[in-house]
Amino acid sequence: MSRPLIVSDCDEVLLHMLAHFRDFLSEEHAVDFLWEGGSFANSMRSRESGATLSDEEMWRLLNLFFDTEMDRQTPIPGAVEAIGTLAERADVVVLTNLKDHRMERRALQLAGHGIHARVFTNQGPKGPALKAILQEYRPSRAIFIDDIAQHHASVAEDAGHVARLHFVGEPAVAPHVSCAFTAGHAHARIDNWAEALPWLMERLQEEDT
């Protein structure tokens, strides 16, 4: 009999990213990152000129961060322990929006923090990628965890039977992130692992009833 499957995002769900990216920009590039709920580029300003960065420069710096600074990233409180608990009841994989050549590096990064999970990389909406993962694993039931509302909308469209938890583990960002639960694309919005783990365990226990 197949096991349940949990498909989790990484950045701001398992590992802090934006806080470390902000520090990297400030320390190395004299760029201030002021998240205001808009796009990355609109939140990044040159300290010298005060001008917002172009999309091209934003992507250059974001890619540079993932190429050279992933060691800065630290776990979201409770994530390592929660994933360990969940892995006793379900298969756990990570679906992360990184370029494919960073797949192995992400897996090693997570393993270094004690999260041993298969990593899938993706670009763009996550619904199609999740659908492909489901076709491979054919789980008894599945749960999707992500911090970005648009990905929940994508999964709701392509794999509507999957339970969906909107989780934003960075407190400085969470209040500015539109809620997928309120929009009707997620089944819950929980931003800390102390509360998320019981919710997830309840979804897994439904398998036994």
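Please refer to the structure placed before this passage.
> Before we go on, may I ask you to explain the overall build of the protein chain in this structure?
The helix and strand inventory of the protein chain stands at eight helices and eight strands. In summary, the protein chain has a C-alpha radius of gyration of 17 Å against a globular reference of 17 Å for 209 residues, a match within 12%. For the protein chain, the spread of C-alpha atoms along the three principal axes comes to 60 × 35 × 30 Å. Buried residues in the protein chain amount to 48% of all 209 residues. Summarising the internal contacts of the protein chain: among those between residues at least 6 apart in sequence, 64% fall at separations of at least 24. About 9900 Å² of surface is accessible on the protein chain, with carbon and sulfur atoms providing 51% of the total. Distance between charge centres in the protein chain, computed from 19 positive and 32 negative side chains, equals 4 Å.

> How should the pattern of salt bridges be read in this particular structure?
Opposite charge on two side chains lets them pair, provided their charged atoms get close. By the definition in use, this model includes 15 salt bridges. Residue Glu 136 is joined to Arg 118 by a salt bridge in which the shortest nitrogen-to-oxygen separation is 2.5 Å. Separated by 18 residues along the polypeptide, Glu 136 in helix H6 (residues 127-137) and Arg 118 in strand S5 (residues 118-121) bring together distant segments of the chain. Given a relative accessible area of 47%, Glu 136 falls into the partly exposed group.

> Would you explain the packing of helix H1 (residues 18-29) against helix H3 (residues 55-68) in this entry?
Packed helices, taken two at a time, are described by the angle their axes make and the gap between the axes. It is the contact of H1 with H3, at a shortest axis distance of 11 Å, that shows an interaxial angle of 105°. Relative to H3, the element H1 lies roughly perpendicular. Packed against H1, whose contacting residues are His 20, Phe 21, Phe 24, Leu 25 and His 29, the element H3 presents Arg 60, Leu 61, Leu 62, Leu 64 and Phe 65 at the interface. When grouped by side-chain class, the residues that make up the contact of H1 with H3 number seven nonpolar, two polar and one charged.

> Hey, could you run me through unusual backbone geometry in this one?
Negative phi characterises most residues that are not glycine, and trans characterises most peptide bonds. With a phi angle near 50°, Ala 30 is a residue other than glycine that sits in the positive phi range. Inspection of the secondary structure puts Ala 30 in the loop between H1 and strand S2 (31-33).

> What is the right way to look at H1 in this model?
Along an α-helix, residues three or four apart share an orientation, since each turn contains 3.6 residues. Over its twelve residues, H1 extends 15 Å from the first C-alpha to the last, a length consistent with the 16 Å expected when each residue adds 1.5 Å. Those residues of H1 not exposed but buried are Leu 18, Ala 19, His 20, Phe 21, Phe 24 and Leu 25. The secondary structure elements touched by the buried residues of H1 are S2, helix H2 (40-43), strand S3 (44-46) and H3. Positive backbone phi, at 50°, marks Ala 30, one or two positions downstream of H1.

> Which parts of the structure should I look at to understand the environment of Leu 130?
In this fold, Leu 130 is placed in helix H6. For Leu 130 and Gly 84, which are 46 residues apart along the polypeptide, the C-alpha to C-alpha distance reads 21 Å. Excluding residues within four positions of it along the chain, Leu 130 makes contact with Val 7, Leu 95, Phe 144, Val 155 and Val 162.

> Please explain the side chain of Arg 164 as it appears in this structure.
Following the sequence through the fold, Arg 164 ends up in strand S7 (residues 163-166). Buried Arg 164, no salt bridge; nearest opposite-charge side chain is Asp 158, N-O distance 11 Å. A polar contact of 2.6 Å, which involves the side chain of Arg 164, links it to the backbone oxygen of His 185. Residues contacting Arg 164, with those up to four places away along its chain left out, are Phe 144, His 152, Val 155, Ala 156, Ala 159, His 185, Ala 186, His 187, Ala 188 and Trp 199.

Thresholds applied
Residues numbered from 1 in each chain as written. Predicted model: local features only at pLDDT ≥ 70, side-chain atom pairs only at ≥ 80, totals over all residues. Heavy atoms only, no water. Helix = DSSP H or I, 4+ residues; strand = E, 2+ residues; numbered from the N terminus. Rg over C-alpha atoms; globule rule 2.2 N^0.38 Å. Buried < 20%, exposed > 50% of the residue type's maximum accessible area, 1.4 Å probe, protein only. Contact = heavy atoms within 4.5 Å. Areas by Shrake-Rupley, 256 points an atom, 1.4 Å probe, with all protein chains shown as cover. Lys, Arg positive; Asp, Glu negative; His and termini not counted. Charge placed at Lys NZ, Arg CZ, Asp CG, Glu CD. Salt bridge = Lys/Arg side-chain N within 4 Å of Asp/Glu carboxyl O. Axes fitted to C-alpha atoms, helices over the stretch in contact; angles between N-to-C directions. Parallel < 35°, antiparallel > 145°, perpendicular 65-115°, else oblique. Nonpolar A, V, L, I, M, F, W, Y, C, P; charged D, E, K, R; others polar. Expected span 1.5 Å × (residues − 1). Polar contact = N/O pair within 3.5 Å; in protein donor to acceptor, adjacent residues only side chain to side chain.

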